[in-house]
There are 2 protein chains.
Amino acid sequence: MNDDCQPFVTDCAVRLATDLLAHTWDPVVLMALRTGRRRRIDLLASLTGVSDKVLSETLRRLVSNGLVTRITTTTDRTVAYELSELGGSLANGPLAALGHWAVEHADQVLLAQQQDGASASAR
Amino acid sequence: MNDDCQPFVTDCAVRLATDLLAHTWDPVVLMALRTGRRRRIDLLASLTGVSDKVLSETLRRLVSNGLVTRITTTTDRTVAYELSELGGSLANGPLAALGHWAVEHADQVLLAQQQDGASASAR
DNA sequence: CAGTATCCTAATCGATACTG
DNA sequence: CAGTATCGATTAGGATACTG
């Protein structure tokens, strides 16, 4: 897939993971599903900013990648999504770590961006 | 920036981090810089698949976000890039964790993708 | 409700050529 | 060497309307 990446395994492997999270809403949906099974409409309501279409694409992609399981209840015909074991290991491990990092360092990132913007407009 | 995200802080905060890594080569360059200061042309050679232009954009963006520092040696006029403290905390922390996760779970992801592809083409 | 189909805009990425 | 400019192809994402 990205076999042409490079030298140390993890340098290249990280591409596999970041590709999994590359689409804007993939990581957000994974985070949202950490608390348990959710229905499509619940996700649509709780994730401000996702469009109907994009959420569909996101869910389909997450299912395709084996991170999320689509559950059809035969009794009342409802559909729900939940993290697979694989998805859970990603969401509760590295993804959560990324979230914590973001919380701790957000101010530094925003500061750097502002400074850059300021110096750029000063040119 | 993405203040309109949502309920639990980390659900939204993760967007800040994934946005930082959203562009294909951002995480790869960060990983490559973990081993120390590198010159632009070295990166271009060691990262198979990056185009000249995209590497430039990537480096500029990483510098803008405060993750990478651009170093100009006044003596011999060379230019090099290295991780900032902020970038190091990301690359050696959560990003490395993501790399390890990818190494351990790559086969599962690829398997899921293949199965999905197989069932999709069987329809 | 879940999910798909269309249309449209903006942004990425690659290739190539060019400047300091 | 570092870095920018331009063109073209591809794609992501939003809005909206429609089907099972």
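Residues numbered from 1 in each chain as written. Chains lettered and ligands numbered in written order. Predicted model: local features only at pLDDT ≥ 70, side-chain atom pairs only at ≥ 80, totals over all residues. Heavy atoms only, no water.

(A) The protein's contact with DNA strand D, seen in detail. Around DNA strand D there are 17 residues in total, and Thr24 and Lys53 of chain A together with Ile41, Arg70 and Tyr81 of chain B lie nearest to it. Here DNA strand D approaches the protein such that, of its atoms within 4 Å, sugar and phosphate make up 60%. Separating a phosphate oxygen of DNA strand D from a side-chain N or O atom of histidine 23 of chain A is a distance of 3.5 Å. Contact between DNA strand D and tyrosine 81 of chain B: a phosphate oxygen at 2.6 Å from a side-chain N or O atom of the residue. If you list the elements that add at least two residues to the surface near DNA strand D, you get helix H4 (52–64) of chain A together with helix H3 (40–46), helix H4 (52–64) and strand E2 (79–83) of chain B. Considering each element in turn, the surface near DNA strand D owes the most residues, four residues, to H4 of chain B. Along the lines of polarity and charge, the residues of the surface near DNA strand D split into five nonpolar, four polar and eight charged. (Near = heavy atom within 4 Å. Polar contact = N/O pair within 3.5 Å; in protein donor to acceptor, adjacent residues only side chain to side chain. Helix = DSSP H or I, 4+ residues; strand = E, 2+ residues; numbered from the N terminus. Nonpolar A, V, L, I, M, F, W, Y, C, P; charged D, E, K, R; others polar.)

(B) Local environment of the protein's contact with DNA strand C. Inspection of the region around DNA strand C gives 17 residues, with Arg70 and Tyr81 of chain A together with His23, Thr24 and Lys53 of chain B positioned closest. The sugar-phosphate share of atoms of DNA strand C within 4 Å of the protein amounts to 59%. One of the side-chain nitrogen or oxygen atoms of arginine 40 of chain A is found 3.3 Å away from a base nitrogen of DNA strand C. The separation between a phosphate oxygen of DNA strand C and a polar side-chain atom of tyrosine 81 of chain A is 2.6 Å. Contributions of two or more residues to the surface near DNA strand C are made by helix H3 (40–46), H4 and strand E2 (79–83) of chain A together with H4 of chain B. Per-element accounting of the surface near DNA strand C gives the leading share, four residues, to H4 of chain A.

(C) Seen up close, the pattern of salt bridges. Residue and element names in this part refer to chain A. For the structure shown, the criterion picks out ten salt bridges over all chains. Here arginine 37 ties to glutamate 82 by a salt bridge, and the two come within 3.2 Å at their closest N and O atoms. Taken together, the positions of arginine 37 in the loop between helix H2 (26–33) and H3 and glutamate 82 in strand E2 put the pair 45 residues apart, joining distant regions of the chain. (Salt bridge = Lys/Arg side-chain N within 4 Å of Asp/Glu carboxyl O.)

(D) Main features of the packing of H2 of chain A against H4 of chain A. Residue and element names in this part refer to chain A. One can describe the packing of H2 onto H4 by two numbers: an axis separation of 10 Å at closest approach and a directional angle of 75°. Here H4 runs roughly perpendicular to H2, going by the angle between their axes. For the pair H2 and H4, contact is made by Asp26, Val29 and Leu30 and by Leu55, Thr58, Leu59, Arg61 and Leu62, respectively. Residues that form the contact of H2 with H4 fall into these classes: five nonpolar, one polar and two charged. (Axes fitted to C-alpha atoms, helices over the stretch in contact; angles between N-to-C directions. Parallel < 35°, antiparallel > 145°, perpendicular 65-115°, else oblique. Contact = heavy atoms within 4.5 Å.)

(E) Broad picture of the nonpolar core. Within the largest apolar cluster, 64 residues are counted, with the highest numbers of intra-cluster contacts made by Leu30, Leu67 and Trp101 of chain A together with Leu30, Leu67 and Trp101 of chain B. Setting aside chain neighbours within four positions, we find tryptophan 101 of chain A in contact with Val109 of chain A together with Ala17, Leu20, Leu67, Leu86, Ser89, Leu90 and Pro94 of chain B. (Core = buried A, V, L, I, M, F, W, Y, C linked by side-chain atoms within 4.5 Å. Buried < 20%, exposed > 50% of the residue type's maximum accessible area, 1.4 Å probe, protein only.)

(F) Representation of the interface of chain A and chain B in the model. Listed by partner, the interface residues are 52 residues for chain A and 52 residues for chain B. Together, Leu86, Leu98 and Trp101 of chain A form the three largest contributors to the area buried by chain A at its contact with chain B, with a combined 14%. For the pair chain A and chain B, the number of links is zero salt bridges. Summed over the shared surface of chain A and chain B, the number is four residue pairs in polar contact (both at pLDDT 80 or more). For the side of chain A that touches chain B, the elements supplying multiple residues, two or more each, are helix H1 (9–20), H2 and helix H5 (85–122) of chain A. Counted by class, the side of chain A that touches chain B contains 32 nonpolar, 15 polar and five charged residues. (Buried area = accessible area lost by both parts, 1.4 Å probe.)

(G) View of helix H2 (residues 26–33) of chain B. Most of H2 of chain B is tucked away: eight of the eight residues are buried. Those residues of H2 of chain B not exposed but buried are Asp26, Pro27, Val28, Val29, Leu30, Met31, Ala32 and Leu33 of chain B.

(H) Layout of the relation of the copies chain A and chain B. With an axial shift of 0.0 Å and an RMSD of 0.0 Å, the rotation relating chain A to chain B amounts to 180°. What the rotation and shift describe, once combined, is the action of a two-fold rotation axis. Of the C-alpha atoms belonging to chain A, the one lying closest to the rotation axis is found on alanine 22 of chain A, 2.5 Å away. Comparing interface residues between copies, 98% of those in chain A also sit at the interface in chain B, which points to an isologous, same-surface contact. (Least-squares fit on C-alpha atoms with pLDDT ≥ 70 in both.)

Take it as geometry only, folks, not as evidence of what the structure does.
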